[in-house]
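Working through the structure, step by step
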Amino acid sequence: DRDTWVRIERRLLSKIPGQGWNGTESAARLEGVAQPAWRGCVVWQDQHEPVMWRADETELLSAAPVGNAILSEAPKLPDEWWEALNASLDALAAQQTSRVATPDTETITQGLVTESIRGAFAGDFDTTIERWVPAHTDLNWANMTAPTFSLFDWEDWGNAPLGLDSATLWANSLAVPALADRVWHERRSDFASRDGKVMTLFACSKILGPYAHPEDPRLEPARRTAEQIIKELQAG
């Protein structure tokens, strides 16, 4: 009755890091990022299971989500939408935070990046990350609205390797080649950087790794891109 949105989340105690569990709340201070305004929250511990619950109240989304996390058809997005996406991601990367990103509730570290990439690809190339910046870390088509751009679901944001968000969105677009190409073009400065190349391999490892689905339409484009990036990294 207040025309707001309540987002309810349940998380295992073992998945709540030492930095706390207030991503949506702490993201409210980010400047220049299009997102629903945060109003307040309630947090409580379950009396019967080793879990915590939290309910965050925000303003209503400015529009409907673009679609599923991974798209199979190209959405109709105006140029203004892409401009707003770029402005928000660039503003986010320019912020300062002590938070460390926890994509899929797992703290991202150099070790995790290296292990994921080595588990999917062979070859002699360096996976060291040089620059860490604030990132959303779950940038998919279900967490953004259109035609008015807004980015939501901030529970796991924090410092992450440069290019993680761009690579994640690109990987979630590979089933629609034209859309993946548009993401690559719009975020080309990330993809051109050495860290961005490593993050693209990291994103490809999620598609091509031990849990790869044989009918995933993203397999072949991810494989081709990974082979090219490995050559580039080996060439220095």
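Scroll up for the structure.
A brief look at the structure comes next. (Residues numbered from 1 in each chain as written. Predicted model: local features only at pLDDT ≥ 70, side-chain atom pairs only at ≥ 80, totals over all residues. Heavy atoms only, no water.)

Here's the deal with the packing of helix 7 (residues 194-208) against helix 8 (residues 219-235)
The N-to-C vectors of helix 7 and helix 8 enclose an angle of 145°; their axes lie 9 Å apart at closest approach. Crossing angle aside, the handedness with which helix 7 passes helix 8 is left-handed. Between helix 7 and helix 8, the contacting residues are R194, K197, V198, T200, L201, C204, I207 and L208 on the first element and L219, A222, R223, T225, A226, I229, I230, E232 and L233 on the second. Residues that form the contact of helix 7 with helix 8 fall into these classes: 11 nonpolar, 2 polar and 4 charged. (Axes fitted to C-alpha atoms, helices over the stretch in contact; angles between N-to-C directions. Helix = DSSP H or I, 4+ residues; strand = E, 2+ residues; numbered from the N terminus. Left-handed = near helix turned anticlockwise from the far one by under 90°. Contact = heavy atoms within 4.5 Å. Nonpolar A, V, L, I, M, F, W, Y, C, P; charged D, E, K, R; others polar.)

A closer look at unusual backbone geometry
A cis amide bond, omega 10°, links A146 with the succeeding residue P147. Summarising the element assignment, P147 is placed in the loop between strand 6 (145-146) and strand 7 (158-161). Positioned with a positive phi, T105 is a non-glycine residue whose angle comes to about 65°. Summarising the element assignment, T105 is placed in the loop between helix 2 (79-93) and helix 3 (110-118). A positive phi angle, near 65°, is found at D153, a position not held by glycine. Inspection of the secondary structure puts D153 in the loop between strand 6 and strand 7. We classify D153 as buried; its relative accessible area is 19%. (Buried < 20%, exposed > 50% of the residue type's maximum accessible area, 1.4 Å probe, protein only.)

Considering the pairing of strand 2 (residues 38-45)
Note: strand 2 against strand 3 (residues 51-59), 7 bridges, orientation antiparallel. Bridge pairing in strand 3 places Q45 opposite M52. Between strand 2 and strand 3, which follow one another and run antiparallel, lie 5 residues. (Pairing = 2+ DSSP bridges.)

Considering helix 2
With 15 residues, helix 2 should reach 21 Å at 1.5 Å per residue; the first-to-last C-alpha distance of 21 Å fits that figure. If you check which residues of helix 2 are buried, you get W81, W82, L85, N86, S88, L89, A91 and L92. If you follow the buried residues of helix 2, they end up packed against strand 5 (132-135), strand 6, helix 4 (164-171) and helix 5 (177-186). (Expected span 1.5 Å × (residues − 1).)

Section: the packing of aromatic side chains
The relation between two aromatic rings is expressed through the spacing of the ring centres and the mutual angle of the planes. Tallying each qualifying case throughout the model produces 10 aromatic pairs. Relative to W141, the ring of W81 lies with its centre 5.8 Å away and its plane at 20°, an arrangement referred to as stacked. Here W141 lies in the loop between strand 5 and strand 6 and W81 lies in helix 2, a separation of 60 residues in the sequence. What makes W141 buried here is its relative accessible area of 0%. For the pair W82 and W141, a centre-to-centre distance of 6.3 Å together with 75° between the ring planes defines the contact as edge-to-face. (Phe/Tyr/Trp six-rings, centres within 6.5 Å; stacked < 30°, edge-to-face > 60°.)

Here's the deal with the sheet that holds strand 3
Taken together, 3 strands build an open sheet; the order of strands is 1-3-2 and the sheet is antiparallel. Here the strands that pair on one side only, and so sit at the sheet edges, are strand 1 (4-12) and strand 2. Across the sheet, the mean angle separating the axes of adjacent strands is 15° when strand polarity is ignored.

Side note on empty space enclosed by the protein
Throughout the structure, instances matching the rule amount to 1 cavity of 30 Å³ or more. The computed volume of the largest cavity comes to approximately 100 Å³. Residue lining of the largest cavity: W5, R7, T24, A27, Q35, P36, W38, D56, T58, F152, D153 and W154, and that is the complete set. At the level of secondary structure, the elements contributing two or more residues to the lining of the largest cavity comprise strand 1 and strand 3. The residue inventory of the lining of the largest cavity, partitioned by class, reads 6 nonpolar, 3 polar and 3 charged. (1 Å grid on protein atoms, 1.4 Å probe; cavity = no way out; pocket = protein on both sides within 12 Å on 5 of 7 lines; lining within 4 Å. Points joined across faces, edges and corners; volume = space filled by probe spheres on them.)

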